[in-house]
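Descriptive analysis of the structure
If you want the building blocks of each chain, they are given just below.
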Amino acid sequence: MAASFPETAISTDRLLLRPPADSDAASLVSMMADDQVNAWTAVPQPFTETHARAWIRQLSPARRSEGRGIAFVVTEHLTQRVVGTVELDGTDWRLGSTGITYITAPWARGEGYAPEAVLGVAQWLFEDRGFHRLELRTAAGNTAAQQVAQKIGCISEGVLRSAWTVRDDLAQGDRGTSRRGSESRTDLILWSLLPEDLDVPEPDWAEQRHLLSD
């Protein structure tokens, strides 16, 4: 039987990362309807409640049970509202390595939630699960995601040429001339985070919040 992550929750200063629940469906639908989410991710469009419930009830549990990774819904401690998701995938148990992706809800951007959530998962992976490497991949034009990687201490290892597609009209906004739904290829920047990269004081999120565009 393949190794797998335990069903668990991770708490940070301001956030709780927990397993997805049926009650999250409406928030997920609203979050995935955002233009930036549509542009930079591969989530189905339009993202419906059927998609949300399939992710909650089938896709996320299967990923964990099959040992491929784990998914978290990110909520605020104070309000319990959903502010994002964090997912691990492509886990290599022999090497102690896995990839991470993250989405911040449009109503929660500018608060530093993405770096806080990703850093919380990284610390859990390294300190509690004994992992040695966390990988992030950001589209070349997705500066917000790149800022998150930089803020938590990731090291850029290079460029994966023509390794992703973006939805042109949504990525370009009002400047786009492509028809809705068209895509183009883009490079991915490969980032890594190792346990020794965390041997620095954690950032003060209150001071950092105005510097982040996540």
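All of these numbers come straight from a predicted model, not from anything done at the bench.

Regarding the pairing of strand β3 (residues 70-76)
Within β3, seven of the seven residues are buried, leaving the element largely enclosed by the surrounding structure. Of the two faces of β3, the one carrying I70, F72, V74 and E76 and the one carrying A71, V73 and T75 are both buried. Relative to β3, strand β2 (residues 15-18) runs antiparallel, the two being bridged by four bridges. For R18, the partnering residue across the bridge sits in β3 and is V73. Relative to strand β4 (residues 82-92), β3 runs antiparallel, the two sharing six bridges. By the bridge assignment, V74 is partnered in β4 with G84. In textbook terms, the turn of a hairpin is the stretch between consecutive antiparallel strands, and for β3 and β4 this stretch comprises five residues, one of which, Q80, has a positive phi near 65 degrees.

Here's the deal with unusual backbone geometry
Residue P46 is bonded to the preceding Q45 through a cis peptide linkage, with omega at -5 degrees. Here P46 lies in the loop between α2 (35-40) and α3 (49-65). In the Ramachandran plot, Q80 falls in the positive-phi region, its phi being about 65 degrees despite a non-glycine side chain. Within the fold, Q80 resides in the loop between β3 and β4. The backbone of S162 shows a phi angle near 50 degrees, a positive value even though the residue is not glycine.

What about the nonpolar core?
Counting 35 residues, the largest nonpolar core has L17, L88, V121, L125 and L134 as its most contacted members. For this core, the secondary-structure elements that each account for two or more residues are β2, β3, β4, β5 (97-104), α4 (113-128), β6 (133-139), α5 (143-151) and β8 (183-193). The dominant element in this core, judged by the number of residues it contributes, is α4, at 10 residues. Each residue touching L134, except ones within four places of it in the same chain, is listed here: L88, T98, G99, I100, A122, L125, F126, W191, S192 and L193.

Conventions and cut-offs
Residues numbered from 1 in each chain as written. Predicted model: local features only at pLDDT ≥ 70, side-chain atom pairs only at ≥ 80, totals over all residues. Heavy atoms only, no water. Buried < 20%, exposed > 50% of the residue type's maximum accessible area, 1.4 Å probe, protein only. Helix = DSSP H or I, 4+ residues; strand = E, 2+ residues; numbered from the N terminus. Pairing = 2+ DSSP bridges. Core = buried A, V, L, I, M, F, W, Y, C linked by side-chain atoms within 4.5 Å. Contact = heavy atoms within 4.5 Å.

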